Amino acid sequence: METRLPRLTAPPLAGGVREGISVRRAAVEDALAIAGLIRQAWASRVAADSSGHRETADKVRADLEKGLGWVALDGEKIVATVRMTPHPAQACVCEIKKLAVLPEYRKQGIGPRLLKLLEREAKAQGIREIRLGVRHDQPRLVEWYASLGYVHDPALGYSSPNPLTPPPFVLYKEVTT
């Protein structure tokens, strides 16, 4: 049985979220659909050597078992997702894994909504810092995350960089109490 999370009470960002979009906690049973959504969202948008093109249900399942994830749904269709996992070497730090929104649902505030939910949950769990990696060839995405309060720090390394590409930009956001 699906447990639906309440809709966020904060005003929608980036022009509002389309009516009918709900958000719930991702379950391990969603792993296959989430992996497919990520590959579909990356198709023709991100270079072929991106790890998103190789996303698997096993990888998603492993992340959900050690962390948390959310999905946005249009009816029963998963249209967006994000995950967070604990940093493997630093206490009170988590990492965002694979925020993805299907192309036809972009620019409707779904991505920021998922991030806000992730940030609230991180804060509730005592996380002090959230980190994420952005591909070296996606500087506009760095700007987008910066508009949401994330800061690029060249001194930070990413815990699971793609071995096929140059190191990513690493951004962080302090979770305030």
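Owing to the predicted nature of the structure, the values given are computational and were not obtained by experimental measurement. (Residues numbered from 1 in each chain as written. Predicted model: local features only at pLDDT ≥ 70, side-chain atom pairs only at ≥ 80, totals over all residues. Heavy atoms only, no water.)

Colleague: Account for the overall build of the protein, naming residues and giving values.
Modeller: When its secondary structure is counted, the protein shows 4 helices and 7 strands. Going from N to C terminus, the protein has its helices and strands arranged as β-α-α-β-β-β-α-β-α-β-β. Residue burial in the protein is summarised as follows: out of 177 residues, 46% are buried. If you take every contact in the protein between residues at least 6 apart in sequence, the share linking residues at least 24 apart comes to 66%. (Helix = DSSP H or I, 4+ residues; strand = E, 2+ residues; numbered from the N terminus. Buried < 20%, exposed > 50% of the residue type's maximum accessible area, 1.4 Å probe, protein only. Contact = heavy atoms within 4.5 Å.)

Colleague: Go over the nonpolar core, please, and point to the residues and values.
Modeller: Counting 47 residues, the largest nonpolar core has Trp 70, Ile 130 and Tyr 150 as the members making the most contacts within it. Considering each element in turn, this core owes the most residues, 7 residues, to helix 1 (residues 31-42). (Core = buried A, V, L, I, M, F, W, Y, C linked by side-chain atoms within 4.5 Å.)

Colleague: Describe the sheet that holds strand 4 (residues 93-101), naming the residues involved and giving the relevant values.
Modeller: Pairing within the open sheet is mixed, and its 7 strands lie in the order 1-2-3-4-5-7-6. Of all the strands in the sheet, just strand 1 (21-25) and strand 6 (151-152) have a single pairing partner and so form its edges. In this sheet, strand 7 (residues 169-174) lies alongside strand 5 (residues 129-134) in antiparallel orientation, the contact comprising 6 bridges. Bridging from a neighbouring strand, Leu 132 pairs with Leu 171 of strand 7. (Pairing = 2+ DSSP bridges.)

Colleague: Let's hear about the pairing of strand 3 (residues 77-86): which residues, and what values?
Modeller: Of all 10 residues in strand 3, 8 are buried, a share of seventy percent or more. As paired elements, strand 2 (residues 68-74) and strand 3 share 7 bridges and run antiparallel to each other. Looking at the pairing, Ala 72 lines up with Ala 80 of strand 3. Alignment of strand 3 against strand 4, held across 6 bridges, turns out to be antiparallel. Its bridge partner lying in strand 4, Met 84 is registered against Ile 96. Here strand 3 folds back onto strand 4, and the loop between the two strands holds 6 residues, one of which, Cys 92, carries a positive phi near 65°.

Colleague: Break down the pairing of strand 1 for me, with residues and values.
Modeller: The element strand 1 is largely enclosed, with a buried count of 4 among its 5 residues. Relative to strand 2, strand 1 runs antiparallel, the two being bridged by 5 bridges. Across the sheet, the residue bridging to Ile 21 is Asp 74, located in strand 2.

Colleague: Account for the packing of aromatic side chains, with residues named and values stated.
Modeller: Inspection of every chain in the model, using the stated rule, returns 2 aromatic pairs. Ring centres of Trp 144 and Tyr 145 lie 4.9 Å apart, and the angle between their planes is 75°; this geometry places the pair in the edge-to-face category. In this structure Trp 144 comes out as partly exposed when scored by relative accessible area, which is 30%. On the basis of relative accessibility, which here comes to 6%, the residue Tyr 145 falls in the buried class. Grouping aromatic residues by their ring pairs yields a cluster made of Trp 144, Tyr 145 and Tyr 150. (Phe/Tyr/Trp six-rings, centres within 6.5 Å; stacked < 30°, edge-to-face > 60°.)

Colleague: Give a detailed account of the pattern of salt bridges, specifying residues and quantitative values.
Modeller: Applying the stated criterion across every chain yields a total of 12 salt bridges. A salt bridge links Arg 83 to Glu 55, with the nearest nitrogen and oxygen atoms 2.6 Å apart. You can see Arg 83 sitting in strand 3 and its partner Glu 55 sitting in the loop between helix 1 and helix 2 (57-66), a full 28 residues away along the chain. Exposure class is identical for Arg 83 and Glu 55. Each is buried. For Lys 116, the salt bridge is made with Glu 119, and the minimal N-O distance between the two is 3.8 Å. Of the two residues, Lys 116 and Glu 119 both sit in helix 3 (residues 110-124), 3 residues apart, roughly one turn of that helix. Classification of Lys 116 as partly exposed rests on a relative accessible area of 32%. Because the salt bridges share partners, they merge into one network encompassing Glu 55, Lys 59, Asp 63 and Arg 83. (Salt bridge = Lys/Arg side-chain N within 4 Å of Asp/Glu carboxyl O.)

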